[in-house]
Structure formats: C-alpha cells, structure tokens
Amino acid sequence: MCKVFFAGSVTADRARLSMDTAHIRNFSIIAHIDHGKSTLADRLLEATGTVQRRDMRAQILDGMELERERGITIKAKAVRMTWNLGGEFFLLNLIDTPGHVDFTYEVSRALAACEGALLLVDASQGVEAQTLANAQLALDAGLTLIPIINKIDLPSADPEGVKKQIHEFLGLEGPFLSVSAKEGKGVPEVLQAIVERIPPPTGDPQKPLAALVFDSVYDSYRGVIVYVRVFDGVLKAGQKVRFMGGGNVDEVEEVGHLQLKYIKADSLSAGEAGYVVCNIKDIHQVQVGDTITEHLRPTLTPHAGYKEMKPFVFAGFYPIAQTDYENLKKAIDKLHLEDAAFFHQPETSVALGFGFRCGFLGLLHMDIINERIRREFDVDILVTSPTVIYRVTTQNGRTGEFDSPAKFPPYGDIKEIEEPYVLATVVVPSDFVGPVMQLCQDRRGQFLDMKYLTPTRVVLKYEMPLAEVVVDFYDALKSISKGYASFDYEHAGYRPGDLLRMDILINEEEIDAFSFVVPAATAPYRGREICERLRELIPRQMFEIPIQAKLGGRIIARESVRAMRKDVLAKCYGGDISRKRKLLEKQKEGKKRMRQFGSVEIPQEAFLAVLRRDDGNAKKD
Amino acid sequence: MVPTGLYLHIPFCAVKCRFCDFAAYPGRREDTARYLNALRRELAGISRLKGGEQNDSDLVDDSSRSTGFFGVPRRVLETFYVGGGTPSLLEPAQWQGLLGGVRECFDISADWEATLECNPDGVSLDKLKAWRESGMNRLSFGLQTDEGPLLSVLGRTHTFEDFKDVFHAARTQGFDNLNVDLMFGLPGQTFDGWVKTLERVIELSPEHLSAYALHVEESTYFHRSGVQSDDDLQADMYELTADLLESAGYVHYEISNFAHPGFECRHNLRYWRNQECLGAGTSSAGYDGIRRRTNTDDLSIYLSSVEKNGVPDSESLELSPAQREGENLMLGLRLKEGALLTPAGQALYGKSLDRHVRDGLLNRKGDRYYPTRKGWRLSNRIFVDLLGG
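No experiment lies behind these values; they were computed from the predicted model shown.

**Quick notes on the overall build of chain B**
So, point 1. The secondary structure content of chain B amounts to 14 helices and 15 strands.
So, point 2. Residues classed as buried in chain B amount to 55% of the 389 residues present.
So, point 3. At a minimum sequence separation of 6, the contacts of chain B that also span at least 24 residues come to 70%.
So, point 4. Here chain B displays about 15,600 Å² of accessible surface, and carbon together with sulfur accounts for 50% of that area.

Have a look at this one:
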C-alpha cells in the first residue's frame, strides 16, 4: 500500500482534470535487476512534481521493507503523473512491473496495460537475461519501446556497445536516450520522449466496458483494491460489473487514480489506469489478467492471455513448536488475504505433525512469505525442501498431480513420473560459457541454442526441469560466473523423466518430509551425498543415530551421527553461576530451533539441505 | 552470628594465560595499592549489610524490625577464598593490610577454611610465612600441566620444577591442605601425556585436585587463534582421570574436583549447595538466597565507583522461585552427594529428571538425585532442562 502522498494541491487539482485520450500515456519500465529502474521512477516522480524533493526517499514505489532491503520490486505498482509539454498537460501513468523471474506472468499483464515501455539498460552491464525476456514480452504485446542507456556517468560505461546489443538482439532502431538516473541527468528528455514516442491509448468510451486487471492489493478496511487499465467503456461507482475469468459479479463502490495514494474520481474512461473498489473480501476472486466488464452489457473482446494464477513451487510450512500452530495459521491466513498467488492447505506429516502445504510462484516468492511470517508474526517455522508438481501415472493408467513426493502412490504402483520443464535463458560472458554449460547439463538441461550478444557475451537457451531450477540453481550460476551470469525462464510444460522417489530414514524411522524425487541415473550418488550432509547437520546426541537413504524399498546409503560424549561446563564457582546460566540459556534456545523426532533432534536447516547441491560452490550453510 | 563465606578477587597477573577469560589485568599492577584500598572500603560496606546485598538502600536502618545499625547480626566467616588473577603476587605487607581489613569487618570461625590461589612462580619463603601467619590454611596451585611445551602453549611462566619447589616449601611451612589445578584437552596434549601428568601429581599426594577440561571461551587467545577442543579425546581423558584418581584414594566429589576424604573444598561446597556467600572485588559475585549480584569486571569502573559511592557498580539478578529451584538442582547435581528434590522442584522438573534417570545420566534414591559419571560428562543436557521460566 502506498503510504506517502505529498503532492501539492495544484497537482491534485490537475489530476482531477478530465483528459481526452490524446493526452494520456500509459507506460512501463523494463530493466534487469540493478539497472536502475526504481531510481529512474523516483526521478520521474520528482521531475513531474508528484513528489516534492524534500519528501523523497529512495525507491519510493517499493513500499515494503523487504522490497527495499532486497532492492527488488515485488508488487506491480501504478502512479499517475502530470507533465506540461509546450503548454499542454499530459497524464503519464507509470505502471511498474515486478522485478523478478518468479513474477513473469504479472509482468506480462502489467505490460499489456501499457502502450509503451522504457527499456532501461545499464551502460556498463549491457543487455541481460531479464532485459531480453521482458523486452520480448513487451514486443509480443505490441508495445513501443524507448531504449534508454542508464548510468552513463560510470567510468566503465559503454553506451555504443550497449546500443549495438539492443539493436542486434531486439531489432530496436531509432534514437537512444542516455541518462544518469542517479544524478537526474536526461530525465526531462525521457518525459518528452514518453509523450512524443509512445502512442496515446485508443479505445472507445461508448463501447461496453473492458478493463484489464494488472494487480490487486488487500486493504483491511476497504477489501480488495483492484488496479485496472480501462480499454473500452467507462468504469464508475454504482455499476454492476463482472469479472469475466473469475465469474463473480460485484457492484463498484469507488473508482479513482493512483497517485501514491488513492484519489477518488467520478469515473475511469477508456485509456485510463486507476483503481476500483467493489467490496470484495477475498483477493483470490481477483485474478491478475482478468477482464472486468459490465454485467448486463459484456464486452466482446475480453483481454486475451488470461491465466489462472497457479503456484509452481511447493513446500511444507510447519511450526517449530506445535503450540505455535494457531499462530502460524493466523499468519498464513493473513498473508493469504494479501497475496493472490499464495496457495495453502492444511497438511499433516507423520514426522512434522500439523502444518501447511504452501504453493508459490517461485523460490523468491517462498522466501518472502517465509520471511514475513517470521518478521511480522514472530512464528518460527520449519520449511521443508521445495518441490514442483509431479504428474504420476500408475500401472492401471490413472494420472494424478502431486505437490509432495510424500503423497506419491506406493513404489510398485508407479508407472511413470512426469515433471514440469522451463525454457531457461542465460546471458553470460564468453569466458564462463564452459562452466555454465556444464552446470546446465548437470542439472539435466537440454541445450537448445547459443548466440553471441557481443563478441564477449553469449546468450544460452536450455530446456530444464523446473525442479533443477528451484534448488539453488541461481546461486550456483552466480557463483561459477563470478556474479556475471543473468538468468530468466518461462514455463514449458511437462515431460516424462526416469525419476524415482527417495526416502530418508533417521534412527530407523522414515521422515516423510525428507522424501524427494531424484533422477534414476544419479540416485545412488545423491543418496550418499544427502546422508553425508545430514550427518554434518544433525548435532551429536546422546546415542548413535543412523541415517539411511532408501530407494524403492532398498537401503542404498548409510551414515551415522556418533553419540555425543561430552557436554559439560567444567568450572562453576560463585562468579560463574550467572554466566553459565546465560550459556545454558543460549544452548536451550538452539534446542528450540530443532524438531524432535522420537528421541532425535533435527535442526531445521537439515530440511532445506536435503536437496541442496554442491555444484558451483553454491552456499552450503 | 550468621555463618557465611567470603570470596575476594585480585585481578592482577604477571601475564595473561591463553585460556583465560577472567577479569585479570597484567598491565595494571601499579593500581594494586589503590585497588586494595577500594577492596577494604567495599568489605566495610558488605559487613554492615543484611543478607549478601550491597546496595546503600539495603543498609539496615529499618526501624520497625531492628534497633538500627547495631542490630545487624555480625557475620562469621566459615570459609574464605582469595582468587584471581594471581593473588600470590601481593607483597607480604600488602597481604597483611588486606587480611587486617577482613578481620576488622568480620568475625572468623576458629576452624575456617582459608584458601589462596597461588601461581607456582614468584612465591618466596617470606610470602608463605606471611600467608601462614595471617591464618591462611589452604593453597591452590595453578599448575595446569607438567609438560614444558604445553606450559608454553598456555602462556604459563613456571616450570614443573618451580612448582615442586613451592609445593614442598608450602609443606614445610605447615600447609596441610593443598590443591593442584590441572587442565586436559589442551592443544597438543596426548592421552598418554595426560596419564603421565596425573601420575606425577598423584605422587606428590596433594589433598585436593581439580581437573578441568579445556573450554575455549570467547575473548581468549585460544579462541582467536581457532583452537578447537576434541570432545571425544576429552571424554576419554575425563573417564581416565576419574578412574586413576579414585584408585589413588581421591573422592570424585564434583564434576571436576577430587579430594582426600574430608578435604573437599568447603568454600566451593557453599556455591554448589547454593548457600549464602559474599564476594568482593572486580567480577566477584555474592548470593543472599534470592539475588545474585555480580560486580563489574572492569577495573577502572570498579575503582571509580567504589571511590565515589563506597560500593562498586554491579549487576543484580533476582531469580524467580522456579529458577531458584532449578539452580539448587543444577548446582547440587554437580556434586556426588546430589540434590534433594523438593515438592516444588518435583512439580517443575521431576519429569525431566526422571527422563535423565532412564537415559543413565542420573540415579534416584527417594527424593534425592545423584549424577552418574556419564551424567557428569553430559551434564549440560540435564541442566538446560532446569533453567526455569
């Protein structure tokens, strides 16, 4: 939610002016992470007087603490600015897109709400995987792209080289703008180009209403606030509207413009972007990409490309202390209210007790939810290894989808396991092509294509199992390319694989939360590797603890954690007693972060470590 | 007359040992005289207090309950312990002044146990005589090991020969209660080396022996240089120590302490039996049965606060009944004699203690729990369950 609004009254008055579509521009900014998107947005807000300089803080659109910390945009945002060019006022709607590969679908919907986009490229980094992927999405959506080279004041800037890359890889011609968003250089020229080069929206206010949903947020007082771009017709309070994909019919309570706060308006007309409030309490009824139309006079042209939001990555969330179950439930319910892409259902694990199976768009999305549960709700949770949805066909020909290997049919009944694949794009300096190709191959990637972006940078395309990508692939890639490789992916459907389910036994007991799917070819090796890793991670306890990996009913690897033999504070005299108490309290805290399985204590790191790989020196902690 | 124990801390050393994280200031020996003055002032304050408390507000002038200042029961010292640092560094004159201060403030029990921690080097005959004359009757030697290379590793400045000389000199001066501190699990120390160390020390027949497993404390030289303890080797050494010393006639009466029968350290028993005890000097601690008060371990702060207010800056921790009950058990279970479970303790901790009985860490007879040797080795596993709310 945007908490800050400082625009002066003049701006607010202007904002209320009804504008004909010729004076409206809807645009987005496309950039690879760290190429300066949020900084440029900040400068545009300043230059248009939407935010006064003295009220400015960095990355004003990234309202969430986590977004600022991680330097990425998680939610799509929209903000309306006004700009005077040659005595004429223009309304500029900046529709910001999420900056992470997990949210590709949301990016595509936000782009679909625009007529044009600024393609922002770092002058020293050049075109990256996300630049390519998002620029392609924008071109597919028929947007006009304005290439902008950012950070031109850096000593290592190579604007000419970057122009060449953009030209060769995206076929973009025409004048390039050069800016330093940090210094504010070139910003007026950007605003001028938005007005002059991006076409005004077309659309007919007389036609039946067609408004594209590009984001939504939950407000505890007003319910769901839906961010829309109106293509045809007029949206106003009192209207009965239908969400064409979701099917629900609601009455519009309020419409308005997004200007860092909600500015109520009489209506939103064809060409405009803004918000709608319809007294919807469940954010899941509002799907990004859906079209809102009039209930009794539906549009004939709903927006194409609507997809129901579907999680791709699943993990179990369990409270460390079973007494925290209710608190975890409250946290999950609350976050569920705010996040249409977050899926959850209660789950019971033999090993972990009561918890939730949670679904996410990707690993970052999972991290964010996990972090918010800890921070905002102070619940300590155990997160099991992330997994994808497998399609399992049994001997009698029945096919089912499973978001957890623990739920698979018995070993003997399984005929085939299929898994989801992605089309991965990697941009990497040519020096690292060898190791990157090796990594992709190790992750069962199928090589599709290789092109030179410049004589020293290469674009690789691979088809890879999503399961291989969700497990620290990105960390491994960054590590082996010294941070230079960039990566993006899109989903590419299911393929059968020679896959087996592996189970892990600790102290002779199968821990269902440790079960995972593994390619048959590497199963024995992986079994050994995991037993070794668990041996390192499970602290020594009062007795020896065997760790075993089981494949199809057969033990294929075994390790053991030797019994702890010494845990004592040798000295304890008068002055030590308080100090030793503190030491013991620390030790007790550590114990709290472990889960008790029968008589064995397992630290939560162990659950995420099961799938972690050692390739590329990915972080092992 | 209320019996009590008194600990005095002398924070000066010739050099700082590499395993040491105590309040010790090798570079500040010129502050010794000033420190001894402050210590006497603190003692005067303590002796006028009820309980072990040392806040001005607790000075007894509670007219409803007593006749005022003179109504405070005078405390009689049953045990007295001077530790450090290296208290044996004090010159005879300084020592006499300090003991004079103690006697001014407290009555002294006829059979008190009075221990002085003593480094094996820098001990002259004059000093031994002065200690004896002042009523000290027990010396505790920080030998740590007899192996020359290991002594260097520890940063100790004495040799085994120095130690033997002082040990014999102490005997000649009439000290018939001597302790030797030893350490095992030192970097570079072998199992066989440790066996020999024990044998050599047993030959001298000290009345008391403390054998400590090296614990690498943060903020020590060892910690900074990445010394890591080998828990398996330490466990083997511990078992051996207990076997060897028991067969040599020592009673293993506390996790790390061994004594000829009747020579258990009475002062330290006060701590483990969780009885009232007073403390004075930097980093010293007092306990009055409810509160633990720990003095600042910063020498400069100690000096300035005593000089200004008559009492040192200190940190006080008031324990909840559950914590007190837990500490009674925790401290008691360090002892061979074990700990008695009260009904309140039973309600709070009975279940977890019985679990440890099942795991072979404790034995139980009626309401008394006794540690097993394995229980001692793994005592933190027992103690973390006794911390209370």
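**Comments concerning the overall build of chain A**
So, point 1. Secondary structure summary: chain A contains 15 helices and 33 strands in total.
So, point 2. Taken over 621 residues, chain A has a buried fraction of 58%.
So, point 3. Of all intrachain contacts in chain A linking residues separated by at least 6 positions in sequence, the fraction that spans at least 24 positions is 69%.
So, point 4. As displayed, chain A offers around 25,100 Å² of accessible surface, 50% of which is attributable to carbon and sulfur atoms.

**Structural notes on the interface of chain B and chain A**
So, point 1. At the junction of the two partners, chain B supplies 44 residues and chain A supplies 29 residues.
So, point 2. The junction of chain B with chain A conceals about 3,500 Å² of combined surface from both sides, 51% of it contributed by carbon and sulfur atoms.
So, point 3. Three residues, Asn380(B), Arg381(B) and Leu387(B), lead the burial of chain B against chain A; their summed loss comes to 20% of the area buried on that side.
So, point 4. Connecting chain B to chain A are 8 salt bridges.
So, point 5. For Glu601(A), the salt bridge identified is with Arg381(B), shortest N-O distance 3.7 Å.
So, point 6. At the junction of chain B with chain A, the criterion picks out 18 residue pairs in polar contact (both at pLDDT 80 or more).
So, point 7. Listed by contribution, the elements that provide at least two residues to the side of chain B that touches chain A are β6 (208-213), α8 (231-247), α9 (266-272), β11 (291-295), β12 (314-318), α11 (321-332), α13 (373-377) and α14 (379-383) of chain B.

**Some thoughts on empty space enclosed by the protein**
So, point 1. Per the counting criterion, the structure on display carries 5 cavities of 30 Å³ or more.
So, point 2. Residue lining of the largest cavity: Leu569(A), Cys572(A), Ile577(A), Lys580(A), Arg581(A), Leu584(A), Glu327(B), Met330(B), Leu331(B), Arg334(B) and Phe383(B), and that is the complete set.
So, point 3. For the lining of the largest cavity, the elements supplying multiple residues, two or more each, are α14 (577-592) of chain A together with α11 of chain B.
So, point 4. Looking at the lining of the largest cavity, its residues break down into 7 nonpolar, no polar and 4 charged.
So, point 5. Roughly 90 Å³ of volume is contained in the second largest cavity.
So, point 6. Around the second largest cavity, the lining comprises 13 residues; the ones closest to its centre are Lys566(A), Val568(A), Phe184(B), Ala213(B) and Tyr238(B).
So, point 7. Contributing elements (two or more residues each) for the lining of the second largest cavity: β6, α8 and α13 of chain B.
So, point 8. The greatest single-element share of the lining of the second largest cavity, amounting to 3 residues, is contributed by α8(B).
So, point 9. Taken together, the residues of the lining of the second largest cavity sort by class into 9 nonpolar, 2 polar and 2 charged.

**Quick notes on a nonpolar patch on the surface**
So, point 1. A surface patch of nonpolar side chains, about 300 Å² in accessible area, is lined by Phe447(A), Met450(A) and Tyr452(A).
So, point 2. One can find Phe447(A) in strand β24 (residues 446-454).

**A short note on helix α2 (residues 92-105) of chain B**
Residue and element names in this part refer to chain B.
So, point 1. Spanning 14 residues, α2 covers 20 Å between terminal C-alpha atoms, matching the ideal 20 Å at 1.5 Å per step.
So, point 2. Listed in full, the buried residues belonging to α2 are Trp-95, Leu-98, Leu-99, Gly-101, Val-102 and Cys-105. What you see down the axis of α2 is that its buried residues fit within an arc of 150°, all on one side. When the buried face of α2 is taken as reference, the exposed residues oriented beyond 90 degrees from it are Ala-93 and Glu-104.
So, point 3. Here the buried face of α2 lies against β1 (2-10), α1 (32-47), β2 (75-84), β3 (107-118) and α3 (125-133).

**Some points on the sheet that holds strand β15 (residues 368-371) of chain B**
Think of a sheet as strands paired side by side through backbone hydrogen bonds, with each pair either parallel or antiparallel.
Residue and element names in this part refer to chain B.
So, point 1. If you walk across this open sheet you meet the 3 strands as β13-β15-β14, and the pairing is antiparallel. Strands with a single pairing partner mark the edges of an open sheet, and in this sheet they are β13 (339-340) and β14 (362-365).
So, point 2. Examined bridge by bridge, β14 and β15 share 4 bridges and lie antiparallel to one another. The partner of Asn-363 across the bridge, within β15, is Tyr-370.

**Here's the deal with the nonpolar core**
So, point 1. In terms of nonpolar packing, the biggest core is built from 82 residues, with Leu8(B), Phe80(B), Trp131(B) and Met136(B) touching the most fellow members.
So, point 2. Ranked by size, the runner-up nonpolar core spans 40 residues in total, among them Ala138(A), Ile166(A), Leu212(A) and Ile225(A).

**Some remarks on unusual backbone geometry**
So, point 1. In the segment running from Gly84(B) into Gly85(B), the intervening peptide bond is cis, with an omega of 25°.
So, point 2. The residue Gly85(B) is located in the loop between β2 and α2 in this model.
So, point 3. Even without being a glycine, Asn507(A) presents a positive backbone phi close to 55°.

**A look at the packing of aromatic side chains**
So, point 1. Overall, the coordinates contain 27 aromatic pairs over all chains when judged by the stated rule.
So, point 2. Note on Phe487(A) and Tyr489(A): the rings are 5.8 Å apart at their centroids and 40° apart in plane angle, and the pair reads as tilted.
So, point 3. Residue Phe487(A) is classed as buried on the basis of its relative accessible area of 6%.
So, point 4. By relative accessible area, Tyr489(A) is classed as buried at 7%.
So, point 5. Summarising the aromatic geometry, the rings of Phe12(B) and Tyr35(B) are spaced 5.5 Å apart at their centres and angled 90° between planes, so their arrangement reads as edge-to-face. Separated by 23 residues along the polypeptide, Phe12(B) in the loop between β1 and α1 and Tyr35(B) in helix α1 bring together distant segments of the chain.
So, point 6. With relative accessibility at 2%, the residue Phe12(B) sits in the buried group.
So, point 7. Using a relative accessible area of 0% as the deciding quantity, one classes Tyr35(B) as buried.
So, point 8. Within the aromatic cluster, the residues linked to one another by ring pairs are Phe473(A), Tyr474(A), Phe487(A) and Tyr489(A).

About the thresholds
Residues numbered from 1 in each chain as written. Chains lettered and ligands numbered in written order. Predicted model: local features only at pLDDT ≥ 70, side-chain atom pairs only at ≥ 80, totals over all residues. Heavy atoms only, no water. Helix = DSSP H or I, 4+ residues; strand = E, 2+ residues; numbered from the N terminus. Buried < 20%, exposed > 50% of the residue type's maximum accessible area, 1.4 Å probe, protein only. Contact = heavy atoms within 4.5 Å. Areas by Shrake-Rupley, 256 points an atom, 1.4 Å probe, with all protein chains shown as cover. Buried area = accessible area lost by both parts, 1.4 Å probe. Salt bridge = Lys/Arg side-chain N within 4 Å of Asp/Glu carboxyl O. Polar contact = N/O pair within 3.5 Å; in protein donor to acceptor, adjacent residues only side chain to side chain. 1 Å grid on protein atoms, 1.4 Å probe; cavity = no way out; pocket = protein on both sides within 12 Å on 5 of 7 lines; lining within 4 Å. Points joined across faces, edges and corners; volume = space filled by probe spheres on them. Nonpolar A, V, L, I, M, F, W, Y, C, P; charged D, E, K, R; others polar. Patch = residues over 30% accessible without salt bridge, like charges linked within 9 Å, V, L, I, M, F, W, Y side chains within 5 Å. Expected span 1.5 Å × (residues − 1). Arc of directions from axis to C-beta. Pairing = 2+ DSSP bridges. Core = buried A, V, L, I, M, F, W, Y, C linked by side-chain atoms within 4.5 Å. Phe/Tyr/Trp six-rings, centres within 6.5 Å; stacked < 30°, edge-to-face > 60°.

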